[in-house]
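Survey of secondary and tertiary structure
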Amino acid sequence: MKISEVFIRQPVYSWLLMLTCLLGGLWGITDIGRLEDPAFTIKEARIFTAYPGASARQVEEEVTEKLEVAIQQLPQLKEITSTSRSGMSEIRVEIKDHYDSSQLTQIWDELRRKVIDVERHLPRGAKTPVVNDDFGEVFGIYYAVTGEGFSHSEIREISKVIRRELLTVEGVAKVSRSGAIDEVAYLDIDESRLAQLGFSLDDLSQVLQAESAVQKVGEIEGKDLRTRIVVDNPANDLESIRNILIGVPGSTAMLAVRDIADVSIGYEESPEFIARHNGQPAILLGIAGGQDTNIVDVGAAVEEKLAQLADGLPLGIEVFPIYEQHRVVDESVDGFLLNLISSVVIVILVLCLFMGWRSGVVVGTVLALTVLGTVFIMNLMGLNLQRISLGALIIAMGMLVDNAIVVAEGMLMGVERKEKPSDAAARVVGQTFWPLLGATIIGIMAFSGIGLSDDSTGEFLFSLFAVIAISLLLSWILAITITPYLGYHLFKPSKDSDSDNPYEGRFYQVYARALSGALRHRGATIAALLVVTVVSYAAFGFVKQGFFPNSNSPLFYVNYFMPQGSDIKRTDNALNEAVDFFRAQEGVVSVTAVAGRGADRFMLTYAPEPPNPSYGQLIVRTETREQIAALIDKAKPTLREKQPDALIMFKRLVFGPGGGADVEVRISGPDFNTLRALAEEVEAIFRGDGLEDVRHNWRGREPIIRTHLDDERARLAGVNNADISRAVQFATQGYRVGDFERGDRIIPIIARLPQEDRNQVGSLSDRLVWSPNERGYIPAGQLVEKFETTAEEGLVQRRNRVPTITISGDAAEGVTAMAAFAEVRARIDTIELPAGYSLEYGGEYERSGDAQRSLGKGLPIGFLIMILVSVLLFGTVREPLIIWLVVPMSLVGVVVGLLLTGLPFGFMSLLGVLSLSGMLIKNAVVLVDEIQVQTHAGLPRLSAIQLASVSRLRPVSLAAVTTILGMSPLLFDAFFADMAVTIMGGLGFATVLTLIAVPVLYAVFHRVRADEVVER
């Protein structure tokens, strides 16, 4: 018994399958996880090692180099890059792509062991290296806590309470808190007073540390009881610090700290990170959901918790959203579901119009069950609804419709010829069982190169391949089971049809005459197709190129790079000017400013800038994304005029990974001066060829004041570099002499000169230095030969242990990245490099090459399977060759569609081309198979070609029309628009290829003569 007969004669099987898809799909829609992007492992760790007081060159040679030598021994290592700056080493370790997330924990443990082994070889002043292996953590729900009229300390304490409460929310895995500026106790001391009393800073430090430390206590042991003996609590507030007594050297007199210092509490003057929201000081809270949680549910629970907390917060404390991933996901999924429902309705209406309401109900029901069943299986497999899996469902839409239409059309035509519905179902399913299965497998394998790659691309896009495979296989199963069952009950012969030939209509006759003409003039037809194809490939050069389109989110960034060496306060002031500008513009909802580094990673595709006091960023939210372009055009000249020394860059959010610079050149070599000279040559070429935002990653040299110590005088006075350093710190930012505990915080105590004497470069030689030998102070001018103002490297960048400078630039408006790269490459290739130096290209050129290599790893196997399946289907070589010859021609419609709409050919367009290829191959397979069926039935070959082609006219045309119209709602979606145009334009021409090119090529390859027709 054939499968169609089983499902017709045993309706319980049909209803069981339909109810499983229906109810399982409805459950899946309500239960399935929802994310913005696929879960993706960033295979990168960072090692931070502080080396206070060291220059960037010292950090590179004494810390970074030693750590890199050990780290490079990791067999899993893909690339190692580093940034050495004054006082800090930052090393970025990237693991090879084929290692998955389950292996990373062991790899990071091995990395830590390597770092620990090197720790004892680091210089004495270097701190313990810190390995950060959760660099890729995404805090998709991002808030700013502000409080007008509240001190920063008060906002900090309130944000701590909010964070503690948010951690209790179900599904919340982690809550980050950033932007808190530490409190500091300042002792403003007149150094002449210290000299008069004979106090050294070390004397003061010893007393303060002794008085503020928690001391060990004694115990009295009784017979059954042990009693602790405690002393008064240590100094833990400002008044206690003021009252600490210090003995005057050489006498029995005692002085309180208040007698020699003005004691006050304040905040760090140069913190590592500053955050503001709408111009108000803010503390940022980032919330990360658990790995297997539904971010929409987590976001709703977080909002509910914040609503509960709002009643208990002091008046004036506000929590503002910066980015709410759960809302973005909810809107995108709801938008997709609306588009999906629209597509299904359009498909049903078109089918009802051209095939009758019965066919529309059959195919529409199967399509809806396929989508619902796919969601059901996705939920069972742990796949989430996110940007890529939603795109996969839309990509597969055309192929899903086609399977059901083929079976429904065959049954309908059989019924029109007075064939029993059950017999028609058995005949059609038996005839198309293997061709449809083979074509379905071919359609699935078209995406195997993307989804089954063992690198990061494969991990990111696995859901694309999985969802397409699930949906297409399910559509085939439902096409050969549910479609016959529904058709058996719904298909009836037309009352006004007395003819045994259902193809006598005008629509069929017009096509039949056109096909006859093409078959008579085969050479001219093939020549015309070749010319059109060649012209379209040539015209493809005029199609804009892209990767991912701009995001729907009404957000954009403004990156500030102040002159290297700038204090964070200068960066913060520059950002405040920009905040004031944006807040005065119409359509701006909010502006978040961060200085000192980038924000927390609130999107998977957001790459935070590493710590640098001269860096700042604005996150600007507008009412609609359409307002962004005009706002950026207005802001560019204004902000750059306000800060002419700064490099100010504007960046739109895009779907998918952030691309970095359009054009990059990396030059590696040993000498820093030579690297800078070569970089200047490249920058001149970039600017000459019209690139914008030209820069390099070593930035400018930092100004420094170098102290040249008179060794002989210092030796006689018993003064060393540490004594000079202590005196300089005391005269500038202050010298830490102790700390005290306040709750769960440690408040540092900083001794410094009064405001009027502090930070005076011209008076450094007059500052006093403590001499242990003389038990007194000596002016620094007697110990220091000179204070020399000079410049040194503030950043040393290395790539795979070699100093490397990267020159970057962006294409001008309207120019593609690859076109800009081609413009500059010829001139850059003429640069003569000294021995020991190398040059390589990055940017879009490198990313495109990496993507192609990644795709190329899996595509050969996928295409080999596709070719093998097509050969196995027919058992010959000629038929698969006919089918594959028409695939390259499908680009004609793609080029026309993209040129007419002005949309770029991007990543989603590439997926559209793969989908288009699958639909074209499926139609061609079924058509060629039908020709062979008619030939084996005894028809002359030319008549068999004509009859088979005419019989495929309506299903092919309807599949094309329904898919094209079903894609139309996506034209208004920024993410799917270029893919929709690709499929719509390509499918329009692909229909012609199927109905004209395939029959003509079949006739040519089989040398079918013009007289091989049925005699009339």
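Looking at an unreviewed UniProt entry, one finds the chain named Cobalt-zinc-cadmium resistance protein CzcA, with Microbulbifer aestuariivivens as its source organism.

A word on the sheet that holds strand β23 (residues 735-742). The sheet built from 4 strands is open, its strands ordered β12-β7-β24-β23 with mixed pairing. Edge strands, defined here as strands with exactly one partner in the open sheet, are β12 (261-267) and β23. Direction aside, the axes of adjacent strands within the sheet are offset by 25 degrees on average. Pairing between β23 and strand β24 (residues 745-752): 7 bridges, direction antiparallel. Looking at the pairing, G738 lines up with I749 of β24. This element, helix α7 (residues 201-212), spans β7 (183-189), β23 and β24 of the sheet and lies at about 10 degrees to β23. Against the sheet, helix α23 (residues 721-731) makes contact with β7, β23 and β24, and its axis sits at roughly 65 degrees relative to β23, the strand it touches most.

Spacing of three or four residues puts side chains on the same side of an α-helix, whose turn is 3.6 residues. Across its 30 residues, helix α28 (residues 907-936) extends 44 Å between first and last C-alpha, which sits within 8% of the 44 Å expected from 1.5 Å per residue. Following α28 by one or two positions, G938 has its phi on the positive side, about 110 degrees.

Per the stated rule, a full pass over the model turns up 19 aromatic pairs. Aromatic side chains Y323 and F602 sit 5.3 Å apart centroid to centroid with 50 degrees between the ring planes, which places their arrangement in the tilted category. One end of the pair, Y323, is in strand β15 (residues 317-324); the other, F602, is in the loop between β17 (588-595) and β18 (615-622), and 279 residues separate them in sequence. In this structure, Y323 and F602 share a single accessibility class: buried.

This next bit is on a nonpolar patch on the surface. Judged by side-chain polarity, W15, L19, L22, L23 and L26 come together as a nonpolar surface patch covering roughly 470 Å² of accessible area. Within the secondary structure layout, L26 lies in helix α2 (residues 11-31).

The relative placement of two packed helices is expressed as an angle between their axes plus a distance between the axes. Two numbers describe how helix α13 (residues 387-416) lies on α28: the axes approach to 8 Å, and their chain directions differ by 15 degrees. On the basis of their axis angle, the class for α13 and α28 is roughly parallel. Judged by the sense of rotation from one axis to the other, the crossing of α13 with α28 is right-handed. Of the residues in α28, those in contact with I395, G398, M399, D402, N403 and V406 of α13 are L911, S915, G918, M919, K922, N923 and V926. By residue class, the composition of the contact of α13 with α28 is 6 nonpolar, 5 polar and 2 charged.

What follows deals with the packing of helix α12 (residues 357-381) against α13. Close contact between α12 and α13 brings their axes to 9 Å; oriented N to C, the two are set at 145 degrees. Along this stretch, α12 crosses α13, giving a crossing that reads as right-handed. Of the residues in α13, those in contact with S359, V363, V366, L367, T370, T374 and M378 of α12 are S389, L393, M397, L400, V401, A404, I405, A408 and L412. For the contact of α12 with α13, the class distribution of residues is 12 nonpolar, 4 polar and no charged.

It is worth spelling out the pairing of strand β5 (residues 141-147) at this point. The element β5 is largely enclosed, with a buried count of 7 among its 7 residues. Of the two faces of β5, the one carrying I141, Y143, V145 and G147 and the one carrying Y142, A144 and T146 are both buried. Of the pairings in the sheet, the one linking β5 to strand β14 (residues 280-289) comprises 6 bridges and is antiparallel in character. Residue A144 lies in a different strand from β14, and its bridge partner there is L284. Alignment of β5 against β15, held across 7 bridges, turns out to be antiparallel. Opposite A144, over in β15, you have F320 as the bridge partner.

Basis of the calculations
Residues numbered from 1 in each chain as written. Predicted model: local features only at pLDDT ≥ 70, side-chain atom pairs only at ≥ 80, totals over all residues. Heavy atoms only, no water. Pairing = 2+ DSSP bridges. Helix = DSSP H or I, 4+ residues; strand = E, 2+ residues; numbered from the N terminus. Axes fitted to C-alpha atoms, helices over the stretch in contact; angles between N-to-C directions. Contact = heavy atoms within 4.5 Å. Expected span 1.5 Å × (residues − 1). Phe/Tyr/Trp six-rings, centres within 6.5 Å; stacked < 30°, edge-to-face > 60°. Buried < 20%, exposed > 50% of the residue type's maximum accessible area, 1.4 Å probe, protein only. Patch = residues over 30% accessible without salt bridge, like charges linked within 9 Å, V, L, I, M, F, W, Y side chains within 5 Å. Areas by Shrake-Rupley, 256 points an atom, 1.4 Å probe, with all protein chains shown as cover. Salt bridge = Lys/Arg side-chain N within 4 Å of Asp/Glu carboxyl O. Parallel < 35°, antiparallel > 145°, perpendicular 65-115°, else oblique. Left-handed = near helix turned anticlockwise from the far one by under 90°. Nonpolar A, V, L, I, M, F, W, Y, C, P; charged D, E, K, R; others polar.

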